[in-house]
Amino acid sequence: MPTLSAPRLLTFLVSVALIGVAIASLYTRIPMVGRTVVAHRQWFFIGAYILLALGVTTRSL
């Protein structure tokens, strides 16, 4: 069983940014990347969760 540790600050902030963009696309129109985020919103949530999970289980991420 892997040991768990806090993710690095950069990993946490990227995960928060992905979730923030996905949630913001629910309520507002985002220029430039809005269509991509709206079309693939679920993958932004999944990607953020996977990134955070990898950050917790590995020390180098």
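Residues numbered from 1 in each chain as written. Predicted model: local features only at pLDDT ≥ 70, side-chain atom pairs only at ≥ 80, totals over all residues. Heavy atoms only, no water.

1. Some points on the overall build of the protein chain
Across its full length, the protein chain carries 3 helices and 0 strands. When its helices and strands are written in sequence order, the protein chain yields α-α-α. The C-alpha radius of gyration of the protein chain comes to 13 Å, more than 25% above the 10 Å expected for a compact globule of 61 residues. Put simply, the protein chain has 61 residues, and 16% of those count as buried. In the protein chain, once contacts between residues fewer than 6 apart in sequence are set aside, the share between residues at least 24 apart is 63%. Per element, the accessible surface of the protein chain, about 4800 Å² overall, is 72% carbon and sulfur. (Helix = DSSP H or I, 4+ residues; strand = E, 2+ residues; numbered from the N terminus. Rg over C-alpha atoms; globule rule 2.2 N^0.38 Å. Buried < 20%, exposed > 50% of the residue type's maximum accessible area, 1.4 Å probe, protein only. Contact = heavy atoms within 4.5 Å. Areas by Shrake-Rupley, 256 points an atom, 1.4 Å probe, with all protein chains shown as cover.)

2. Quick notes on the UniProt feature "transmembrane region" (unreviewed entry) in the protein chain
This chain's UniProt record puts "transmembrane region" (unreviewed entry) on residues 40–58. For residues 40–58, the helix share is 89%, the strand share is 0%, and the end-to-end C-alpha distance is 27 Å. (UniProt positions renumbered as here; feature names shortened; annotations may be inferred.)

3. Observations concerning the packing of helix α1 (residues 9–27) against helix α3 (residues 41–57)
Contact geometry of α1 with α3 gives a least axis separation of 9 Å together with a crossing angle of 165°. Taken together, the axis directions place α1 and α3 in an arrangement best described as roughly antiparallel. Between α1 and α3 lies a crossing of left-handed hand. Packed against α1, whose contacting residues are Thr-11, Phe-12, Val-14, Ser-15, Leu-18, Ile-19, Ala-22, Ile-23, Ser-25 and Leu-26, the element α3 presents Arg-41, Phe-44, Phe-45, Gly-47, Ala-48, Leu-51, Leu-52 and Gly-55 at the interface. Across the contact of α1 with α3, the residue classes tally to 12 nonpolar, 5 polar and 1 charged. (Axes fitted to C-alpha atoms, helices over the stretch in contact; angles between N-to-C directions. Parallel < 35°, antiparallel > 145°, perpendicular 65-115°, else oblique. Left-handed = near helix turned anticlockwise from the far one by under 90°. Nonpolar A, V, L, I, M, F, W, Y, C, P; charged D, E, K, R; others polar.)

4. Notes on the environment of Arg-41
Relative to the assigned elements, Arg-41 resides in helix α3. Distance in space between the C-alpha atoms of Arg-41 and Leu-26 is 8.9 Å, their sequence separation being 15 residues. Contacts of Arg-41, omitting those with residues within four sequence positions, involve Ala-22, Ser-25 and Leu-26. Separated by 2.9 Å, the side chains of Arg-41 and Ser-25 make a polar contact. (Polar contact = N/O pair within 3.5 Å; in protein donor to acceptor, adjacent residues only side chain to side chain.)

5. Focus: the environment of Ile-50
One can find Ile-50 in helix α3. In this structure the C-alpha to C-alpha distance between Ile-50 and Ser-15, which are 35 residues apart in sequence, comes to 8.8 Å.

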